[in-house]
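# Understanding the architecture of this molecule
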Protein chains: 2
Amino acid sequence: MNVITTLELKDRLAQLQGQTVRLQGWIRNHRKQKSMGFIDFFDGTCFKNPQVVYDANIADFEAIQALRVGSAITVTGTVVPSYKDPTTPEVQAASIVLEGDCPEDYPLQPKRHSIEFLREIGYLRPRTRLFQAVFRVRSVASMAIHTYFQDRGYVYVHTPLITANDAEGAGNTFTVTTLTPDQQKAGETDFFGKPASLAVTGQLEGETFAMAFSKIYTFGPTFRAENSNTKTHAAEFWMIEPEIAFCDLDQLMDVEEDFLKNIVSTVLEKCPDELAFLDTFAAGGKGTSGLVEKLQALADSKCARITHDEAITILKNSGKDWQFKPEYGQDTAKEHEKYLTEEYFHGPVFVYNWPKDIKAFYMYQNDDDKTVAAVDLLVPGSGELMGGSQRETRLDKLTERMEQLGISAESLDWYVNLRKFGGCTHAGFGMGFERLLMYLTGVDNIRDVIPYARTPMNCEF
Amino acid sequence: MNVITTLELKDRLAQLQGQTVRLQGWIRNHRKQKSMGFIDFFDGTCFKNPQVVYDANIADFEAIQALRVGSAITVTGTVVPSYKDPTTPEVQAASIVLEGDCPEDYPLQPKRHSIEFLREIGYLRPRTRLFQAVFRVRSVASMAIHTYFQDRGYVYVHTPLITANDAEGAGNTFTVTTLTPDQQKAGETDFFGKPASLAVTGQLEGETFAMAFSKIYTFGPTFRAENSNTKTHAAEFWMIEPEIAFCDLDQLMDVEEDFLKNIVSTVLEKCPDELAFLDTFAAGGKGTSGLVEKLQALADSKCARITHDEAITILKNSGKDWQFKPEYGQDTAKEHEKYLTEEYFHGPVFVYNWPKDIKAFYMYQNDDDKTVAAVDLLVPGSGELMGGSQRETRLDKLTERMEQLGISAESLDWYVNLRKFGGCTHAGFGMGFERLLMYLTGVDNIRDVIPYARTPMNCEF
């Protein structure tokens, strides 16, 4: 008999009623009565886990009653109407075979564990309901992102991870070497013949491909050697960086808005059970945290668009007692983003035309000589989710700005040359994938949306 | 008027006949006659590039005739029947506006350049027909891989790139550090509090997720600090590593075969123009190299399955004068793979049950005490394309083997523990993405299927 997944069982539940099926997976919980038993069974292919019921007529009844939580089993049985919930499959077992035992001291007993404890047993936590939900959302959202771009003619580009560029200024990068400290000190030649580090962005290389394919995107890991132990920083995370030729700042905002709503809608559609669980989980296990409502509202919203100056004016006029006083020409703070999205606009907001002194060298310099054509998308409940800009395409303006900031135009000659060789108005944005996932799942620590997080003093598994 | 892409133009060519359209892209070639001109136009969204025709009636005729190869332009004009080829779109221009100029000394003039020269101008080569074909195949194949797994219920897992494990034995890894040589020598604490390197595989972490989701896959970068300057080695490349619970070696071969044929078929279907070009390109620009025929044959083939011992017997009986003499218990050479696939079986071959001494510690040890349940898939024209195995699931056998090979079971306790906590028969394989791309495109140097290759002494762009 062919084994079916619990996903197939759920999808074809009506059709399979009364049929014999075989399932393979693990015991999440095992409740025993004198003459029968109930196994919460999962194989990880869907969030709706079937209940396996057996009674004293089953062969090896006593051995089966002794099966411990965590064990791998093969179940053969009949699909029967569910006792309590018609959408939860139930299987009346004719046989249960132990595939892999699990000891009494298995760390993942069926009770509520602290999220910190689960981090310590990171290799087992994907078996919990929380992380089954989180990591399926991660997978589904990844696919939604690929589908969005591929359906619209974007070419997926794998930009390099090891780089000799220093795109966003010195510091905060990991050195990559094959030399021992002694060899380094002796001036021996390193693997690449020059200093190399892990990339903090693929944008610059992405631009070279946008100047050939018009629409491209990257989706790969990036690295920051930032020594900050916060809930939102990881040393290694995944980033999405689309780059679009013949596209200005306004058109970029159109793309960002359409993209984000599409991803959120797709996850809402494909992961209803996972999101329902996460919604309640974020509320401490009872009621709703408003997660699904928030996502639905975003999918249906229209993003407001204001300049940085307008944002500051709104903040100044708010009558609020700010911890950080909003100022023209200055960066905004978390509390400002929160006010704009949650209290003033009640929805997502694009803030564009940022002071050039707080933004990167490659951004298009506006005529006011003070701002650049950069845009941040702020969303309720999370703050900044994406950052993008129209790129500086004027050769003289670009090199002048690089010089001001001490960035060598010579070492980036290939990037600068894009402005000489058939350059055009182009724009792109970056989105940290884990930031999106925290937004989608309501999970508030980046360590819990990455399979194995890398943070200062932590490189386990 | 809305701009359309050349992809839309191609797809809706019949419908757009006689209509006015606007296109934005670049000049690949510009041929001029006294009273008219012809522009080979591309925007990178499809391989079938339209020809733009203009005559002396166009405004600024002289300025337009002066437009140089490489320039970015906006073309507005009427879609007209094509003079030579009904499937190649032609646009009679009413206006051509220069968006970005390109100088006389633009390196990418319309002539055949050596592939070595194109590597030197790696940031411009995506604009050539060869690399338009290669990198679109790369993007389409990436999506085909994601689609294959997601459609079959696999969860996409991002395994870590920075690791403190040493999965495949010491050496050949890049060190990752934030310390200077002096700080290292002084014993200062590094970012992660212990030595870290770039991952050579995500398999071990992948197994932890397979024990929770049943079917998972990775698709991400991996690294080898191997100092070999060959056509097939890169320091950074992308790898696909599926891992499947409740799966043995036979079932794994079924998955590998179905997967590979699916990807090849999808690329054949989605990239006919690109593959036709690559087929001819690999033949030196004339006739066919047999690329498309080879791919079609693979898609229609049935993979042979033989043990390593059987393979050696076939090789010994071949009557061939081998450079490397085939021996039971020894690895096979390129010439052997070529003979098996191209001369003996005329198709793809799985070779399984390999001598355990030449394979990794985590592979299932067969009862003969000599072989492991490992399998390599060999394909005509490329040799090994995938390598997989059933995993050793018996705790004692695994730790015994680790001890023999000097691999610390303590440092990999989480991996070893998978065998204690509800372990089950499971299997997985790895496929180097660039190896697949070389097979799909007929391009014979790995440097030419990666946007920006990292090899010894080379870390440009």
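What follows concerns the packing of aromatic side chains. For the structure on display, the rule yields 63 aromatic pairs over all chains. Residues Phe174 of chain A and Phe192 of chain B carry aromatic rings whose centres are separated by 5.5 Å and whose planes lie at 10 degrees to one another, so their mutual orientation is stacked. Of this pair, Phe174 of chain A sits in the loop between strand S7 (162-163) and strand S8 (175-177) while Phe192 of chain B is found in the loop between helix H6 (181-185) and strand S9 (196-198), placing the two residues in two different chains. When its relative accessible area of 1% is taken as the criterion, Phe174 of chain A is described as buried. A centroid spacing of 5.7 Å and a plane angle of 55 degrees characterise the contact between Phe259 of chain B and Phe429 of chain B, whose relative ring orientation is tilted.

Relative to chain A, chain B is turned by 180 degrees and slid 0.0 Å along the rotation axis, the superposed coordinates differing by an RMSD of 0.0 Å. These values place the two chain copies in the arrangement generated by a two-fold rotation axis. Taken as a fraction of all interface residues of chain B, those also at the interface in chain A reach 100%, which identifies the copy contact as same-surface.

With that settled, consider helix H7 (residues 203-213) of chain B. Residues and elements named next belong to chain B. Within H7, 11 of the 11 residues are buried, which leaves it mostly tucked inside the rest of the structure. Those residues of H7 lying buried are Gln203, Leu204, Glu205, Gly206, Glu207, Thr208, Phe209, Ala210, Met211, Ala212 and Phe213. Ser214 occupies a position one or two residues after H7 and carries a positive phi of about 70 degrees.

We now examine the side chain of Lys356 of chain B. Residues and elements named next belong to chain B. Note on placement: Lys356 falls in the loop between strand S13 (349-355) and strand S14 (371-379). Accessibility expressed as a relative area gives 13% for Lys356, which makes it buried. Ignoring sequence-local partners within four residues, the contact set of Lys356 consists of Gln365, Asp369, Lys370, Thr371, Val372 and Arg401.

This paragraph deals with the pairing of strand S1 (residues 20-32) of chain B. All names here are of chain B. Judged from the seven bridges that link them, S1 and strand S4 (residues 72-80) form a sheet pairing that is antiparallel. Paired with Val21 across the bridge in S4 is Gly77. Alignment of S1 against strand S2 (residues 36-42), held across six bridges, turns out to be antiparallel. Paired with Arg31 across the two strands is Phe38, which belongs to S2. Count of turn residues in the S1/S2 antiparallel hairpin: three residues.

Before going further, it helps to examine the pattern of salt bridges. Counted under the stated rule, the structure contains 56 salt bridges over all chains. Between Glu104 of chain B and Arg68 of chain B there is a salt bridge, with its nearest N and O atoms 3.9 Å apart. On the criterion of sequence distance, the pair formed by Glu104 of chain B in the loop between strand S5 (90-100) and helix H4 (115-120) and Arg68 of chain B in the loop between helix H3 (61-65) and S4 is long-range, its members being 36 residues apart. Residue Asp250 of chain B is joined to Arg305 of chain B by a salt bridge in which the shortest nitrogen-to-oxygen separation is 3.9 Å. Here the residue Asp250 of chain B occupies a position in helix H8 (residues 249-270), and Arg305 of chain B occupies one in strand S12 (residues 304-307), the gap between them amounting to 55 residues. Among the residues examined, Arg305 of chain B registers a relative accessible area of 27% and is labelled partly exposed. Via salt bridges that share partners, Asp250, Asp254, Glu257, Lys261, Lys302 and Arg305 of chain A belong to a single interconnected network.

Within the fold, Lys325 of chain A resides in the loop between helix H11 (308-316) and helix H12 (334-344). A sequence separation of 11 residues divides Lys325 of chain A from His336 of chain A, and the C-alpha atoms of the two residues are 9.2 Å apart.

Adjacent strands of a sheet pair through backbone hydrogen bonds, lying either parallel or antiparallel. Spatially, five strands are ordered S1-S2-S3-S5-S4 (chain B) in a closed barrel, and the strand pairing comes out mixed. Averaged over all pairs of adjacent strands, the angle between their axes in this sheet comes to 55 degrees, without regard to strand direction.

One recurring pattern in soluble globular proteins: nonpolar side chains tend to sit buried together. Counting residues in hydrophobic clusters, the biggest one holds 252 residues, and the most contacted among them are Ile145, Ile162 and Phe174 of chain A together with Ile145, Ile162 and Phe174 of chain B. In this structure, Ile145 of chain B is in contact with Phe219, Ile240, Phe259, Ile263, Met431, Phe433 and Leu436 of chain B, ignoring residues within four places of it in sequence.

Residue and element names in this part refer to chain A. Contact pair helix H8 (residues 249-270) / helix H10 (residues 291-300): the axes reach a minimum separation of 9 Å and the direction vectors enclose 140 degrees. The angle between H8 and H10 falls in the class oblique. H10 is crossed by H8, and the crossing has left-handed handedness. For the pair H8 and H10, the contacting residues are Leu260, Lys261, Val264, Ser265 and Leu268 in the first and Val292, Leu295, Gln296, Leu298 and Ala299 in the second. Considered class by class, the residues forming the contact of H8 with H10 number seven nonpolar, two polar and one charged.

This paragraph deals with the pairing of S5 of chain B. Residue and element names in this part refer to chain B. Judged from the three bridges that link them, strand S3 (residues 51-55) and S5 form a sheet pairing that is parallel. Note that in S5 the partner of Gln51 across the bridge is Glu90. Sheet topology note: the S4/S5 ladder contains nine bridges and is antiparallel. Looking at S5, one finds that Thr74 is bridged to Val97.

Let's shift gears to helix H15 (residues 433-441) of chain A. Residues and elements named next belong to chain A. When you tally the buried positions in H15, you get eight out of nine residues, the bulk of the element. All of the buried residues along H15 are Phe433, Glu434, Leu436, Leu437, Met438, Tyr439, Leu440 and Thr441. Residue Gly442 follows H15 closely and has a positive phi angle near 75 degrees.

The next point concerns the sheet that holds strand S10 (residues 215-223) of chain A. Residues and elements named next belong to chain A. The mixed open sheet is built from eight strands, whose spatial order is S6-S10-S11-S16-S15-S14-S13-S12. What marks the edges here is a single partner per strand, and that holds for strand S6 (155-156) and strand S12 (304-307). Together, S12, strand S13 (349-355), strand S14 (371-379) and strand S15 (383-390) form the strand contacts of H12, whose direction differs from that of S14 by roughly 70 degrees.

With that settled, the discussion passes to the interface of chain B and chain A. Facing the 102 residues of chain B at the interface are 102 residues of chain A. Summed over both sides, the interface between chain B and chain A buries roughly 8300 Å², with carbon and sulfur atoms accounting for 67% of that surface. Sorting the residues of chain B by area buried against chain A places His158, Phe191 and Phe421 of chain B first, and these three jointly supply 10% of that buried surface. At the surface where chain B touches chain A, the tally comes to four salt bridges. Counting across the chain B and chain A interface gives 37 residue pairs in polar contact (both at pLDDT 80 or more). In terms of residue count, helix H5 (residues 129-151) of chain B provides more of the side of chain B that touches chain A than any other element does, 11 residues in total. In the sheet, S8 of chain A pairs with strand S8 (residues 175-177) of chain B via three bridges, with the strands oriented antiparallel.

Thresholds, definitions, all that
Residues numbered from 1 in each chain as written. Chains lettered and ligands numbered in written order. Predicted model: local features only at pLDDT ≥ 70, side-chain atom pairs only at ≥ 80, totals over all residues. Heavy atoms only, no water. Phe/Tyr/Trp six-rings, centres within 6.5 Å; stacked < 30°, edge-to-face > 60°. Helix = DSSP H or I, 4+ residues; strand = E, 2+ residues; numbered from the N terminus. Buried < 20%, exposed > 50% of the residue type's maximum accessible area, 1.4 Å probe, protein only. Least-squares fit on C-alpha atoms with pLDDT ≥ 70 in both. Contact = heavy atoms within 4.5 Å. Pairing = 2+ DSSP bridges. Salt bridge = Lys/Arg side-chain N within 4 Å of Asp/Glu carboxyl O. Axes fitted to C-alpha atoms, helices over the stretch in contact; angles between N-to-C directions. Core = buried A, V, L, I, M, F, W, Y, C linked by side-chain atoms within 4.5 Å. Parallel < 35°, antiparallel > 145°, perpendicular 65-115°, else oblique. Left-handed = near helix turned anticlockwise from the far one by under 90°. Nonpolar A, V, L, I, M, F, W, Y, C, P; charged D, E, K, R; others polar. Buried area = accessible area lost by both parts, 1.4 Å probe. Polar contact = N/O pair within 3.5 Å; in protein donor to acceptor, adjacent residues only side chain to side chain.

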